[in-house]
Each structure stands twice: as C-alpha cells, then as structure tokens.
Amino acid sequence: MIVIIGAGLAGLTAGRALLNAGCRDFLICEREAQVGGRVATETDGEFLFDVGFAVLNPAYPMVAKYLSLPDLGLQYFDAGALLLHGEGQRSALFDPLSHPERTLSMIAQNFPSWPDRLRTLALRLRTRAPQRPRDEGITALEGLRSVGFSELYIEKFFRPFFAGVFLDRDLSVSDDLFRYLFDYFRQSRVALPAGGINAVATNLASSIPTENIRFGVAAESIEHGKVSFSDGTVIHPRETILAVDARAAASLIKQSDDCAFRSVTTAYFAAESLPWQQQRLLALNSSGKGWVNHLAVLSGVQPSYAKQQRHLVAVSGVGPLPTKTLAQTQGDIRRELAELVGREALDWEFLRMYPVDHALPVRFGHKNYESGALIYAGDYLENPSIQGAMLSGEKSANLSLLRRNT
Ligand SMILES: Cc1cc2nc3c(=O)[nH]c(=O)nc-3n(C[C@H](O)[C@H](O)[C@H](O)COP(=O)(O)OP(=O)(O)OC[C@H]3O[C@@H](n4cnc5c(N)ncnc54)[C@H](O)[C@@H]3O)c2cc1C
C-alpha cells in the first residue's frame, strides 16, 4: 500500500494521479477533519469566509487536468485593479485586452503614463512562464525596474497587486516567480468557486473513494519505513508520500526547521452599501501607507459568498499583524479603511479576522522529491501556489508508480 500523509492539494492530487494510473491501493491520512489544508473555507450561515483571501486561476495546467471546472461554478474578477489613493480618491484600471469595452475610458485617463502602458503591453506579450521557477536570481522589483516601469506605477499598482499574490510587500520574491504567475494572470482572469476556495479541494477529492481517505489521524513519526499515527495505528507501507507543508515535513523527519513562511491576515466586513461601482475589481491600497494591502468585494464577484443582501468585503494586510488586541487591531483597520475608501467604511460590520502565519513558503524548488524510502510532495517542492502544490502531488505519485514498476 502507498500511504499519503496530508490531504492538502498536493496529497489529494497524488491520490488522483494514482487512481488515474489504475492504482487503488493507497490511503490518504489527514490530521484534520476535512480536506484542503491551506485552502480552507468557513461559514456562519450568512457568509463564506476563506481562511485568508485566495483566488483560483483556471489557466493553471493542473487545474485544467484534475478539476471539474463546471462543478465549481466559478465567477470571475475583472482584469485590472481599483486604485485607492487615500482620502476617498480612487481610479479604476482595466486591462484593455480583457475588457475592450473599457478602452475609451482608459484612454481618457492620465494614469498610468503612456510609456508605462506600453511597457505593460510588452510585458503581457513577451512574458512566458518559466518551466520551473526558481527562488533565486534578480527580484521581482529589480525585474520591473529593469523593464523601465516608473516608480509611481510600481508603487501604485505593481507593489500592492503582487504583494497580495506573493504576500511580500518588498517584492523580494524572484523575478522568475513573478514571470511564472504573471503569465497565468495574462492567460485568464482569476475566479472564486461558488463553494468558497475550499471547493477546489473537495472537487479534487470527490472522485477519491471514501475508503481511501482517513481523517483525524496525524502521522507522529516515520522511522525505518514504518509510519506511526496519533490514533495508535502503525503502518508499514510499500511507499510513503509525505504531502505536508515544509515545516511539518521537517518536524516529522526530525530535521532542523529552516522553513520561513510569508504571512497574511484577512479581516471580513459586512457592508450595506459600497462607495464604488467596480466591485469585480481587486481594490489596492495605492496610498503608500498603512497596513491594509488589498480589498475584495467577494459577494460582488461570487454572489454565493453572501446569502442575504449585504456585501462581503475581505480586507487583507501582508506580513505579521502588529501585536495588539483584537479590538485595537479592528479599530486601526477601520480608521485606515475610512481614510482609504471614505467614512462609509466606519459603518461596516466587522465579522471575523484570520491571521495566517504560515501561508506561503519563502524558499521553494530546492528539495529533492526522494530521500531514502520517502517521497515528498507539497508546494515548497515546486512553487507557492495551487498549481505548484498540485504539480508536486502528481510528480510524487509518478515517482511512487515508477518505484513499484522497477
Ligand atoms: C491565505 C492563503 C492564500 C493563498 N492564495 C493563493 C492564491 O490566491 N492562489 C494560489 O494559487 N495559491 C494561493 N495560496 C497557496 C496555496 O493555497 C498553497 O500553496 C497550497 O494550498 C499548498 O498545498 P499543500 O498540499 O502543498 O500544503 P497544505 O495545504 O499545507 O496541506 C498539507 C496537509 O497536510 C496535513 N498535515 C500536516 N501535518 C500532518 C500530519 N502530521 N499528519 C497528517 N496530516 C498532516 C495538513 O492538515 C494539510 O491538510 C494561498 C495560501 C494561503 C495560506
């Protein structure tokens, strides 16, 4: 039997790849009570709350290969961004290639400058995802500067937009990762599933027989080809695929934990009305100050996120939260929102807040898939994204099948 530890996107994809190859002799062991790991969604009956704002890019090859997109009921963001300049000032940027109907209004705007528009167009036309992005080389910020983008455009658009993607306000991630994800943004608008972001995982799991997944069992040690679980079970599998995050993997194989993560906090608010019309655009804090990085009106994109008439607004800040009480943090966020979007934000009802300390691994693509008897899977083996996690799962399954046949 093949044991897969972890039912995140990597572990589930490993299971699906095994099934696709005709192998049914595997067991996925997950310590939580549900699938998905870092793609998690909660509800209070009225709203859907993703545990940290996240979106699905249907252009990811692994998504097309393993997910049933029609069942996800995707609704799409518009391509572009709403720039919040502070003191209630805002301007909308639409990608004219995705929204030709907006071209005239975009031409009439004086931001971004024409040279920056042409550079954006050139970047769109030229950028192709590197086969396997590395976390080394020049940074995303250096890459943008080398293309000649103005500092104003970088500060008002690229920094907050990609800080939301990489969870890194410094844009110190590699230019490689930037080009990799930019290419997928170029190919498709991003979307929200009707059931929340966790639906990506349930969709993936739906064709895995229930007897192949066990919940509420944590692997506690892996030694000499033997896996011991928290419920006392001990299994001697033919192969073990360790599909947990980088930190949990290091702890299970008793290696020093040098896994740094990027963090994000998403606070949710309910609003009776909103001060802007373009609710399918991601809104960016382009004021250059404050904790808030981006806002999304989730119910404006995917109506299933709010059952009643109120709007659901996700407000995210990148990096660790200032160490304050919840009430102080809420108060700070409200004051910032009032400054950014206008005083209407003071009437928004605070619903919940999710600090996600271990959201994305800083380092990726370095570890070997095989070490002794173990096979690894997880986003940190490829790159920190849904695509990276799923690809690692598929590769780990192929390796275990290869071992079986040799
Ligand atoms: C807030 C946030 C926003 C994101 N936004 C996006 C986005 O917009 N687009 C995008 O492409 N990607 C996004 N990502 C990244 C993407 O979600 C992750 O890269 C991907 O989900 C990682 O999957 P994984 O299977 O590698 O790891 P995980 O999801 O961490 O799965 C590991 C699983 O192993 C289980 N586990 C751990 N230890 C044990 C044990 N001892 N025994 C048994 N089970 C164990 C865990 O419970 C978990 O289910 C985001 C991530 C976060 C956190």
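Whatever comes next refers back to the structure up there.
Let us look at the structure shown here.

1. Here we look at the site of the ligand
Near the ligand there are 37 residues, and of these Glu30, Arg38, Ala219, Asp379 and Ile386 occur at the shortest range. Between an oxygen atom of the ligand and a main-chain N or O atom of leucine 9, the distance comes to 3.1 Å. Measuring from an oxygen atom of the ligand, one finds a backbone N or O atom of valine 55 at 2.9 Å. Contact with the protein chains covers 93% of the free accessible surface of the ligand, which is 1000 Å². For the shell around the ligand, the secondary structure elements donating two or more residues are helix 1 (9-20), strand 2 (26-30), helix 10 (246-252), strand 18 (349-361) and helix 13 (386-404). It is strand 18 that provides the largest number of residues to the shell around the ligand, a total of three residues. Of the residues in the shell around the ligand, the class split is 24 nonpolar, seven polar and six charged. When residues are assigned to domains, the shell around the ligand turns out to be shared by domain 1 (2-39 + 198-258 + 363-404) and domain 2 (75-192 + 261-360), each giving three or more.

2. Focus: the state of the cysteines
The bond known as a disulfide is covalent and runs between the sulfur atoms of two cysteines. What the rule picks out here adds up to zero disulfides. Cysteine 29 provides the cysteine sulfur closest to cysteine 23, a residue in no disulfide bond, and the two sulfurs are 14 Å apart.

3. Overview of helix 12 (residues 326-341)
In a regular helix each residue adds 1.5 Å, so 16 residues correspond to 22 Å; helix 12 covers 22 Å between its end C-alpha atoms and thus fits that length. For helix 12, the full list of buried residues reads Thr329, Gln330, Gly331, Ile333, Arg334, Glu336, Leu337, Ala338, Leu340 and Val341. One or two steps after helix 12, the chain reaches glycine 342, where phi turns positive at roughly 120 degrees.

4. Structural notes on the side chain of arginine 262
Looking at the element boundaries, arginine 262 is found in strand 14 (residues 261-271). When neighbours within four sequence positions are excluded, arginine 262 is seen to be in contact with Phe166, Leu167, Asp168, Ser172, Val173, Val356, Asp357, His358, Ala359, Leu360 and Val362.

5. A short note on a nonpolar patch on the surface
A surface patch of nonpolar side chains, amounting to about 390 Å² of accessible area, comprises Leu97, Leu118, Leu121 and Leu125. In this structure, leucine 97 sits in the loop between strand 7 (89-94) and helix 4 (103-108).

Quick notes on the rules
Along each chain, numbering runs from 1 in the same order as the chain's sequence is written. pLDDT decides what is reported in this predicted model: residues at 70 or higher carry local features, side-chain atom pairs at 80 or more are listed and counted, and totals for whole chains, interfaces and linings draw on all residues regardless. The basis for the side-chain values is all heavy atoms of the structure; hydrogens and waters are excluded. Distances are taken per atom, and a residue is near a molecule or strand as soon as one of its heavy atoms is within 4 Å of it. Polar contacts here mean pairs of N or O atoms no more than 3.5 Å apart (in protein, one a potential hydrogen donor and the other a potential acceptor; neighbouring residues in sequence count only if both atoms are side-chain atoms). For the area figures, the Shrake-Rupley method with a 1.4 Å probe applies, and any residue is considered shielded solely by the protein chains shown. Secondary structure elements follow DSSP: runs of H or I of four or more residues count as helices, runs of E of two or more count as strands, with numbering from the N terminus. Polar here means any residue other than Ala, Val, Leu, Ile, Met, Phe, Trp, Tyr, Cys and Pro, which are nonpolar, and Asp, Glu, Lys and Arg, which are charged; Gly is therefore polar. Just so you know, the domain bounds were taken from an automatic or database domain assignment. Two cysteine sulfurs form what is called a disulfide whenever their separation falls within 2.5 Å. An expected span of 1.5 Å times one less than the residue number is assigned to each helix. Each residue gets one of three labels from its accessible area relative to the maximum for its type: buried under 20%, exposed over 50%, partly exposed in between, using a 1.4 Å probe on protein chains only. Any pair of residues with heavy atoms lying within 4.5 Å of one another is described as a contacting pair. Like-charged residues are merged into a patch within 9 Å and nonpolar side chains (Val, Leu, Ile, Met, Phe, Trp, Tyr) within 5 Å, provided each residue has over 30% relative accessible area and no salt bridge. Just to be clear on terms, a salt bridge is a Lys or Arg side-chain nitrogen sitting within 4 Å of an Asp or Glu carboxyl oxygen.

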